[in-house]
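Breakdown of the fold
In case you want the letters, here they are:
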Amino acid sequence: MSTGAAERFWRTPLDAEKIPRIRGIVHILEDRCKGCVYCVEFCPREVLARSIRFNVKGYHPPDIVRPESCTACRLCELLCPEFAIGIEEVTQQESADAG
Ligand code: SF4
Ligand code: SF4
């Protein structure tokens, strides 16, 4: 099915307003990072990117370039070998209030 057809038949669910949408806030302990970029490579929403900054160990911690796209899937948190990433789950309303 082409993208055009998908858009033509797509409809917003009738109860969409009642279902809270979960978003994620990414927290990175930069000085734990060893710059492996697993989090950058595997994030399905391209929230993170390689940086040119250095941490205290001399590695490049990731930049959070698309924070609004994080769905709190926690893949980066699971993959990070240094336990340097934590994801905070918020509903869309909470994130709008904070922003
Ligand atoms: S929780 Fe998922 S969407 Fe959010 S930054 Fe991590 S991998 Fe990307
Ligand atoms: S997965 Fe962890 S150690 Fe690797 S670049 Fe990302 S934050 Fe740094």
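Residues numbered from 1 in each chain as written. Chains lettered and ligands numbered in written order. Predicted model: local features only at pLDDT ≥ 70, side-chain atom pairs only at ≥ 80, totals over all residues.

**Here's the deal with the environment of Glu 89**
As for its placement among the helices and strands, Glu 89 is situated in strand β4 (residues 85-91). Glu 89 gets classed as partly exposed once you count the C-beta atoms within 10 Å, which come to 14. Sequence separation between Glu 89 and Ile 22 is 67 residues; the distance between their C-alpha atoms is 6.5 Å. Contacts of Glu 89, omitting those with residues within four sequence positions, involve Ile 22, Gly 24 and Ala 72. (Helix = DSSP H or I, 4+ residues; strand = E, 2+ residues; numbered from the N terminus. Buried ≥ 20, exposed ≤ 12 C-beta atoms within 10 Å, placed from the backbone. Contact = placed C-beta atoms within 7 Å.)

**Topic: unusual backbone geometry**
Positive phi, close to 50°, is recorded for Glu 46, a residue that is not glycine. According to the C-beta neighbour criterion, Glu 46 is exposed, with 10 such atoms within 10 Å. One non-glycine residue, Arg 74, lies in positive phi territory at about 70°. Along the polypeptide, Arg 74 turns up in the loop between β3 (63-64) and α3 (75-79).

**Focus on the site of ligand 2**
Around ligand 2 sit 16 residues, and of these Cys 33, Cys 36, Cys 39, Cys 80 and Ala 84 come closest. Among the residues making up the shell around ligand 2, the classes are represented as 13 nonpolar, one polar and two charged. (Near = placed C-beta within 6 Å. Nonpolar A, V, L, I, M, F, W, Y, C, P; charged D, E, K, R; others polar.)

By themselves these figures say nothing about function.
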